[in-house]
Amino acid sequence: GSEMCIRDSTIVGGFSALPATVETTMRTLRATATITRISGGDRYSTAANVASNIVNTSGGSLAAVNGLKSVFLASGTSFADAVIAAPGAYAGPNNSASTAVVPIMLTGKDTLAAATQAQMTLLNVKQVFVLGGTAVVSAATAAEVTALGIEVVRLSGDNRYATAVAIAVKFTAK
(Lines give C-alpha, C1' and ligand atoms only; values in the text may rest on other atoms or scores of the structure.)
Protein backbone atom coordinates (compact mmCIF):
# COMPACT_ATOMS: atom_id res chain seq x y z
CA GLY A 1 0.00 0.00 0.00
CA SER A 2 0.97 3.59 -0.40
CA GLU A 3 1.08 6.16 2.38
CA MET A 4 -0.39 9.61 2.07
CA CYS A 5 2.17 12.35 2.64
CA ILE A 6 0.86 14.57 5.45
CA ARG A 7 2.18 18.13 5.47
CA ASP A 8 1.53 21.02 7.75
CA SER A 9 -0.52 23.79 6.15
CA THR A 10 -1.12 27.49 6.63
CA ILE A 11 -4.39 29.14 5.71
CA VAL A 12 -3.83 32.72 4.60
CA GLY A 13 -6.84 34.96 5.16
CA GLY A 14 -9.55 35.57 7.69
CA PHE A 15 -12.85 33.76 8.06
CA SER A 16 -14.64 36.04 5.59
CA ALA A 17 -12.12 35.04 2.89
CA LEU A 18 -11.82 31.38 3.90
CA PRO A 19 -14.60 30.24 6.24
CA ALA A 20 -14.15 27.93 9.21
CA THR A 21 -15.47 25.05 7.09
CA VAL A 22 -12.25 25.17 5.05
CA GLU A 23 -10.19 24.77 8.21
CA THR A 24 -12.47 22.02 9.51
CA THR A 25 -12.21 20.10 6.23
CA MET A 26 -8.42 20.42 6.21
CA ARG A 27 -8.23 19.15 9.79
CA THR A 28 -10.43 16.19 8.85
CA LEU A 29 -8.35 15.32 5.79
CA ARG A 30 -5.05 15.86 7.55
CA ALA A 31 -5.67 14.82 11.12
CA THR A 32 -1.98 14.63 12.06
CA ALA A 33 -0.94 17.86 10.31
CA THR A 34 -0.65 21.23 12.00
CA ILE A 35 -3.06 23.70 10.41
CA THR A 36 -2.45 27.38 11.20
CA ARG A 37 -4.13 30.56 10.00
CA ILE A 38 -2.53 33.93 9.29
CA SER A 39 -4.96 36.79 8.91
CA GLY A 40 -5.48 40.48 9.54
CA GLY A 41 -8.19 43.10 9.50
CA ASP A 42 -7.97 43.34 5.72
CA ARG A 43 -5.88 42.01 2.81
CA TYR A 44 -3.16 44.60 3.43
CA SER A 45 -2.62 43.65 7.06
CA THR A 46 -2.91 39.95 6.18
CA ALA A 47 -0.07 40.31 3.66
CA ALA A 48 1.97 42.27 6.22
CA ASN A 49 1.36 39.53 8.80
CA VAL A 50 2.48 36.86 6.32
CA ALA A 51 5.75 38.77 5.80
CA SER A 52 6.21 39.06 9.56
CA ASN A 53 5.46 35.37 10.04
CA ILE A 54 8.07 34.37 7.46
CA VAL A 55 10.74 36.29 9.33
CA ASN A 56 9.71 35.91 12.96
CA THR A 57 8.10 32.47 13.16
CA SER A 58 9.31 30.17 10.43
CA GLY A 59 13.02 30.88 10.81
CA GLY A 60 13.32 32.47 7.40
CA SER A 61 14.48 35.95 6.55
CA LEU A 62 14.01 38.62 3.95
CA ALA A 63 16.17 37.89 0.94
CA ALA A 64 18.92 40.33 0.14
CA VAL A 65 18.63 41.22 -3.54
CA ASN A 66 21.68 43.17 -4.68
CA GLY A 67 22.66 43.26 -1.00
CA LEU A 68 19.41 44.89 0.18
CA LYS A 69 16.60 43.29 2.24
CA SER A 70 13.74 43.21 -0.23
CA VAL A 71 9.99 42.80 -0.64
CA PHE A 72 7.59 42.97 -3.56
CA LEU A 73 4.85 45.60 -3.50
CA ALA A 74 1.73 44.82 -5.50
CA SER A 75 -1.72 46.26 -5.94
CA GLY A 76 -4.20 45.07 -3.34
CA THR A 77 -7.04 45.29 -5.86
CA SER A 78 -5.53 43.80 -9.03
CA PHE A 79 -4.15 40.31 -8.50
CA ALA A 80 -2.25 39.62 -11.77
CA ASP A 81 1.14 41.07 -10.82
CA ALA A 82 1.19 39.44 -7.38
CA VAL A 83 0.37 36.06 -8.91
CA ILE A 84 3.22 36.41 -11.41
CA ALA A 85 5.66 37.35 -8.62
CA ALA A 86 4.70 34.39 -6.39
CA PRO A 87 7.40 31.99 -7.66
CA GLY A 88 10.07 34.68 -7.20
CA ALA A 89 8.70 35.52 -3.77
CA TYR A 90 8.93 31.91 -2.67
CA ALA A 91 12.26 31.06 -4.25
CA GLY A 92 14.08 34.27 -3.44
CA PRO A 93 16.83 35.65 -5.65
CA ASN A 94 18.87 32.45 -5.91
CA ASN A 95 16.31 29.72 -5.24
CA SER A 96 17.05 30.25 -1.56
CA ALA A 97 13.57 29.39 -0.26
CA SER A 98 14.88 27.47 2.74
CA THR A 99 16.56 30.57 4.14
CA ALA A 100 15.40 33.76 2.46
CA VAL A 101 12.32 34.87 0.57
CA VAL A 102 10.96 38.08 -0.97
CA PRO A 103 7.47 38.50 0.53
CA ILE A 104 4.65 40.11 -1.42
CA MET A 105 3.11 43.06 0.38
CA LEU A 106 0.02 44.92 -0.83
CA THR A 107 -0.94 48.55 -1.25
CA GLY A 108 -3.67 50.77 -2.57
CA LYS A 109 -3.03 52.55 -5.85
CA ASP A 110 -2.57 56.10 -4.61
CA THR A 111 -1.56 55.67 -0.97
CA LEU A 112 0.80 53.21 0.71
CA ALA A 113 -1.28 50.95 2.96
CA ALA A 114 -0.62 51.73 6.64
CA ALA A 115 -0.10 48.07 7.60
CA THR A 116 2.37 47.67 4.74
CA GLN A 117 4.30 50.78 5.73
CA ALA A 118 4.49 49.69 9.36
CA GLN A 119 5.69 46.18 8.47
CA MET A 120 8.31 47.49 6.04
CA THR A 121 9.72 49.60 8.84
CA LEU A 122 9.62 46.74 11.39
CA LEU A 123 11.35 44.35 8.98
CA ASN A 124 13.99 46.96 8.09
CA VAL A 125 13.23 46.66 4.38
CA LYS A 126 15.80 48.43 2.20
CA GLN A 127 14.50 47.68 -1.31
CA VAL A 128 11.00 47.39 -2.75
CA PHE A 129 10.17 45.91 -6.13
CA VAL A 130 7.00 47.71 -7.19
CA LEU A 131 5.00 45.40 -9.46
CA GLY A 132 3.19 46.93 -12.40
CA GLY A 133 2.89 50.40 -13.84
CA THR A 134 1.52 53.59 -12.34
CA ALA A 135 -2.01 52.54 -13.30
CA VAL A 136 -1.90 49.98 -10.44
CA VAL A 137 0.69 51.46 -8.03
CA SER A 138 1.00 55.21 -8.56
CA ALA A 139 4.17 57.28 -8.60
CA ALA A 140 2.90 58.95 -5.40
CA THR A 141 2.74 55.58 -3.64
CA ALA A 142 6.24 54.72 -4.82
CA ALA A 143 7.39 58.13 -3.54
CA GLU A 144 5.96 57.27 -0.09
CA VAL A 145 8.17 54.17 -0.08
CA THR A 146 11.20 56.22 -1.13
CA ALA A 147 10.45 58.69 1.68
CA LEU A 148 10.90 55.81 4.15
CA GLY A 149 14.52 55.52 2.99
CA ILE A 150 13.78 52.46 0.88
CA GLU A 151 15.10 52.02 -2.67
CA VAL A 152 12.32 51.51 -5.20
CA VAL A 153 12.71 49.40 -8.34
CA ARG A 154 9.64 49.26 -10.57
CA LEU A 155 9.11 46.06 -12.56
CA SER A 156 6.58 46.85 -15.24
CA GLY A 157 5.74 46.78 -18.93
CA ASP A 158 3.16 48.12 -21.33
CA ASN A 159 0.64 45.52 -20.16
CA ARG A 160 0.39 42.66 -17.64
CA TYR A 161 2.18 40.28 -20.00
CA ALA A 162 5.16 42.62 -20.41
CA THR A 163 5.15 43.15 -16.63
CA ALA A 164 5.26 39.36 -16.19
CA VAL A 165 8.32 39.24 -18.44
CA ALA A 166 10.03 42.02 -16.43
CA ILE A 167 9.39 40.11 -13.17
CA ALA A 168 10.59 36.83 -14.64
CA VAL A 169 13.77 38.38 -16.04
CA LYS A 170 14.63 39.84 -12.62
CA PHE A 171 13.80 36.75 -10.56
CA THR A 172 14.58 33.77 -12.74
CA ALA A 173 17.73 31.89 -11.80
CA LYS A 174 20.41 32.39 -14.39
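All of the points below concern the structure found in this document. (Residues numbered from 1 in each chain as written. Predicted model: local features only at pLDDT ≥ 70, side-chain atom pairs only at ≥ 80, totals over all residues. Heavy atoms only, no water.)

When you line up the elements, Ala63 lands in the loop between strand E3 (61-62) and strand E4 (64-65). On the basis of relative accessibility, which here comes to 0%, the residue Ala63 falls in the buried class. (Helix = DSSP H or I, 4+ residues; strand = E, 2+ residues; numbered from the N terminus. Buried < 20%, exposed > 50% of the residue type's maximum accessible area, 1.4 Å probe, protein only.)

Only one face of strand E1 (residues 9-12) is covered, namely the one carrying Ser9 and Ile11; the face carrying Thr10 and Val12 has none of its residues buried. Pairing between E1 and strand E2 (residues 35-38): four bridges, direction parallel. Looking at the pairing, Ile11 lines up with Arg37 of E2. Each parallel crossover has a hand, and the one from E1 via helix H1 (residues 20-29) to E2 is right-handed. (Pairing = 2+ DSSP bridges. Right-handed = clockwise from strand over helix to strand, strands pointing away.)

Counting buried residues along strand E8 (residues 127-131), five of its five residues qualify, which places the element largely inside the surrounding structure. Side chains of E8 alternate between two faces, with Gln127, Phe129 and Leu131 and Val128 and Val130 buried alike. Direction of pairing for strand E5 (residues 68-75) relative to E8: parallel, over a ladder of four bridges. Residue pairing in the sheet places Val71 in a bridge with Val128 of E8. Where E8 lies against strand E9 (residues 151-155), five bridges are found, and the strand directions are parallel. Across the sheet, Gln127 pairs through a bridge with Glu151, a residue of E9. Once you follow E8 into helix H5 (residues 139-147) and on to E9, the crossover reads as right-handed.

Purely spatial values, then, with no claim about function.
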